[in-house]
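Geometric and topological summary
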Amino acid sequence: MSTNQTTRFPPSQNPPPRPSSQATMNHSNASSSSATNKNRQYAHLHAQLAQLNAHLADTENLVRATAAQAQDMRFLGGYVGALFMGSARVLGEDSVRGRDG
């Protein structure tokens, strides 16, 4: 075979791709795959941030409810303390009268 002859392939058979074009195709596939992965990761991050935002709103509502309940517990604590002091005074006076009489 002389150097001037070119190799011909039958129409049903394609020549093997050149390494440079294959490297270019691999690079474009890799960048396409990388962009797809990045978009998927951004979508997942967006979903997680939306869920975090919803949970923070729930937490804020729970903290508000807890603060209101703490005020109510403070009132009830004072009320029960007053009842104990009153009952101790009444029971104390009755026990003193019972001993003397």
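Refer to the structure presented above.
Now for a look at the structure at hand. Since the structure is predicted, the reported quantities are computational estimates derived from the model, not experimental observations. (Residues numbered from 1 in each chain as written. Predicted model: local features only at pLDDT ≥ 70, side-chain atom pairs only at ≥ 80, totals over all residues. Heavy atoms only, no water.)

Across its full length, the chain holds 1 helix and 0 strands. Burial status across the chain gives 0% buried among its 101 residues. Summed over all atoms, the accessible surface of the chain reaches about 9,400 Å², with 59% contributed by carbon and sulfur. (Helix = DSSP H or I, 4+ residues; strand = E, 2+ residues; numbered from the N terminus. Buried < 20%, exposed > 50% of the residue type's maximum accessible area, 1.4 Å probe, protein only. Areas by Shrake-Rupley, 256 points an atom, 1.4 Å probe, with all protein chains shown as cover.)

Here we come to the pattern of salt bridges. Across all of its chains, the model carries 1 salt bridge by this definition. Here Arg64 makes a salt bridge to Glu60, at a shortest N to O gap of 2.7 Å. With a gap of 4 residues between them, Arg64 and Glu60 both fall in helix α1 (residues 19–100), about one helical turn apart. Its relative accessible area of 42% is what places Glu60 among the partly exposed residues. (Salt bridge = Lys/Arg side-chain N within 4 Å of Asp/Glu carboxyl O.)

So, on to a nonpolar patch on the surface. Taken together, the side chains of Met73, Phe75, Leu76, Tyr79, Val80, Leu83 and Phe84 present a nonpolar region at the surface, about 790 Å² in accessible area. Checked against the element boundaries, Met73 lands in helix α1. (Patch = residues over 30% accessible without salt bridge, like charges linked within 9 Å, V, L, I, M, F, W, Y side chains within 5 Å.)

Any functional reading would require information beyond the geometric quantities listed.
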